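Residues per chain are reported as follows:
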Amino acid sequence: MIRARQVSKVFGSTMALDSVSLDLLPGEVHVLLGENGAGKSTLAKILAGIVSPDSGRIEIGERLAAFANPGEARRAGIELVQQETTVVPKMSVVDNVTLGWERAYTRLGLVRRRRMREDAVRLLRELAPDIPPDAIVDGISGSQKHRVAIARALFSSPRVLILDEPTAALDELERESFFSVVRRVTSRGVAVLYVTHHLAEVPAIGSRVTIMRDGAIVARCAPDTPEPQLVAHIAGRQISMQHHEASAPTPAAAAPVLETVDVCAGEAVDRVSMHVRPGEVLGVYGVGQCGADELAEVLSGHRRADRGRVFVAGRTLGRASVSRALARGVAYVPGERGRNGVVGTLPVRDNITLSVLPRLSPAGVIRRRAEARTAARWTAQLRIKTPDLEAQMSALSGGNQQKVLLARALACETPVLLLKEPTAGIDVQSRQEIYTALKQTAKSGTAIVVITSDLLELLTVADRALVLYRGRVAGEFAGPALTEEAVLGAALGGSAAVPHDSGQ
Ligand SMILES: Nc1ncnc2c1ncn2[C@@H]1O[C@H](COP(=O)(O)OP(=O)(O)OP(=O)(O)O)[C@@H](O)[C@H]1O
Ligand SMILES: [Mg+2]
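Residues numbered from 1 in each chain as written. Chains lettered and ligands numbered in written order. Predicted model: local features only at pLDDT ≥ 70, side-chain atom pairs only at ≥ 80, totals over all residues. Heavy atoms only, no water.

An unreviewed UniProt entry annotates the protein chain as ABC-type sugar transport system of Carbonactinospora thermoautotrophica.

**Here's the deal with the overall build of the protein chain**
Across its full length, the protein chain holds 17 helices and 22 strands. Its C-alpha atoms give the protein chain a radius of gyration of 23 Å, within 12% of the compact-globule value 23 Å for 504 residues. Its C-alpha atoms give the protein chain principal-axis dimensions of roughly 70 × 55 × 45 Å. Intrachain contacts of the protein chain at a sequence separation of at least 6 include 67% that bridge at least 24 residues. As displayed, the protein chain offers around 21,600 Å² of accessible surface, 52% of which is attributable to carbon and sulfur atoms. Across the protein chain, 61 positive and 54 negative side-chain charges occur, with their mean positions spaced 4 Å apart. (Helix = DSSP H or I, 4+ residues; strand = E, 2+ residues; numbered from the N terminus. Rg over C-alpha atoms; globule rule 2.2 N^0.38 Å. Contact = heavy atoms within 4.5 Å. Areas by Shrake-Rupley, 256 points an atom, 1.4 Å probe, with all protein chains shown as cover. Lys, Arg positive; Asp, Glu negative; His and termini not counted. Charge placed at Lys NZ, Arg CZ, Asp CG, Glu CD.)

**Examining the coordination of the magnesium ion (ligand 2)**
Every protein donor of the magnesium ion (ligand 2) is listed here as Ser-41 (OG) and Gln-83 (OE1), and their distances to the metal cover 2.0 to 2.2 Å. One end of the pair, Ser-41, is in helix α1 (residues 40–47); the other, Gln-83, is in the loop between β6 (78–81) and α3 (93–98), and 42 residues separate them in sequence. Just as Ser-41 is buried, Gln-83 falls in that class too. (Donors = N, O, S within 2.8 Å, 3.2 Å for Na, K, Ca; no water. Buried < 20%, exposed > 50% of the residue type's maximum accessible area, 1.4 Å probe, protein only.)

**Side note on the environment of Gly-301**
Along the chain, Gly-301 falls in the loop between α9 (292–299) and β16 (307–312). Counting along the chain gives 210 residues from Gly-301 to Met-91, while the straight-line C-alpha distance between them is 27 Å. Dropping the residues within four chain positions of it, Gly-301 is found in contact with Ala-320, Ser-321, Val-322 and Ala-325.

**Some details on the pairing of β6**
Alternating positions in β6 separate into two faces, Ile-78 and Leu-80 on one and Glu-79 and Val-81 on the other, with burial throughout. In terms of strand pairing, β6 meets strand β9 (residues 160–164) through four bridges, oriented parallel. Bridge pairing in β9 places Glu-79 opposite Leu-161. (Pairing = 2+ DSSP bridges.)

**Let's talk about the site of ligand 1**
What surrounds ligand 1 is a group of 21 residues, the closest being Gly-37, Thr-42, Ala-395, Ser-397 and Gly-399. At a separation of 2.7 Å, an oxygen atom of ligand 1 approaches a polar backbone atom of Gly-37. Here an oxygen atom of ligand 1 sits 2.8 Å away from a polar atom, N or O, in the side chain of Ser-41. Bound to the protein, ligand 1 loses 85% of the 640 Å² it would expose on its own. If you list the elements that add at least two residues to the shell around ligand 1, you get β2 (14–24), α1 and α14 (398–412). Taken together, the residues of the shell around ligand 1 break down into five nonpolar, twelve polar and four charged. Both domains that furnish three or more residues to the shell around ligand 1 are identified here as domain 1 (2–235) and domain 3 (342–413). (Near = heavy atom within 4 Å. Polar contact = N/O pair within 3.5 Å; in protein donor to acceptor, adjacent residues only side chain to side chain. Nonpolar A, V, L, I, M, F, W, Y, C, P; charged D, E, K, R; others polar. Domains from an automatic or database assignment.)

**Let's talk about the pairing of strand β19 (residues 416–420)**
Counting buried positions along β19 gives five out of five residues, so the element sits mostly inside the fold. Residues Val-416, Leu-418 and Lys-420 point to one face of β19 and Leu-417 and Leu-419 to the other, with burial holding for every one of them. In terms of strand pairing, strand β18 (residues 330–333) meets β19 through four bridges, oriented parallel. In the sheet register, Val-333 faces β19, and the bridge partner there is Leu-419. Note: β19 against strand β20 (residues 447–452), five bridges, orientation parallel. Its bridge partner lying in β20, Val-416 is registered against Ala-447. In this fold, β19 hands off to helix α15 (residues 428–443), which returns the chain to β20; that crossover is right-handed. (Right-handed = clockwise from strand over helix to strand, strands pointing away.)

Structural data, given as structure tokens:
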């Protein structure tokens, strides 16, 4: 259907793609795996006409395809859902979906808006039943925005669909309905290129697997290839995956450093009381509209609780202010696609030290040396792939930008570290390293809160897990009680889940 032949691309001193050849067949889900910075997104963008290759060519059928711009690629039936969500914030959900396809609905000079809207709404009902079609995109969550972008790509009935980490922001349930949509389009003969870091998705959805490393293809294999083998190809060596390993229980004597009492936020969060102690990793898990996003906004100072109180080290957080939350001791790592908080035009170094500058510059003069040292230390520890510390943030791959945000928060050395979806978009090997870094940080006395929709992540990092269901605490699990079944049961509102004050 579409084929890349010996495509190469160089950015400055980085060889992003080195003579890559790959073809997509009708009806297949071709999975593309590889570490952060391996070149996956670059290949996806070249296929979609967003980036032009330095050498090599793209063919559709037997013809050479030379797209001058993404619009031409779209008209040729190639749709790309990018890693960073690209929806138009000020427009409604349904208008985002139909954007650019008015022509397909034009008859006798009139756009048949009713028909167009109906088709879009039908698609949305399947992929995003939780979003009102007329909602303005600005106000919806990261996962919702991403699903709007997917719906937009599907709306044009493409022949080739390129999905760059489509599920990184989706929870288990959203993922399932997304998969059934993908299966449906492939059964109609659409060719899908599927970029992911989630190896469990490979046998679930894949037909073929291609693995990249450092801009080149290093392996092609079947989707039932055992995980350790996939990992070995991705990393270029054998690495060990850590699984649930309970850390030493924290002395219950330590006073909670972050605590909420009956916190409410709009309709989303309903009287949530929680606490986390120094040295502890608390996981917060939920699916769908569970309130986790809004709770994160309250804890990080982006939003004030409508009711109830938040205490950091015994003092109330009060009004909504991120800098105040940070000053009180809560460093926050947002996990949304779109990379909130990344300053694309600043160098990597400044992006890491942004939040610690006050500490590094006691007399107002930034201590350049200290700044460089801090940045270098975290770049090495998290293995951030960048030519050097002066490189612009926007030149880093998606996963490496996410690592920089994590480095920025770790560099703050605050008593509380609050992370949302810390490994969304992070490759398998780096994910393990981040878990190790988090556990070490906890060991040194930091209280860590990980808000995640990734169940495996929860089971791997959390000492204790709080499960939210429709804005309320539906269960709390620790030690041997912290199991996949228990957590999912509570998250889905199962009868095993007993809200601590269900007050019927
Ligand atoms: N616009 C750019 N300018 C400079 N370098 C770039 C640019 N875009 C990508 N690169 C570099 O090219 C390499 C490949 O990046 P790419 O985004 O394709 O990686 P990826 O495999 O998609 O990684 P991730 O899993 O983190 O999304 C990286 O080293 C990246 O820093
Ligand atoms: Mg990428």
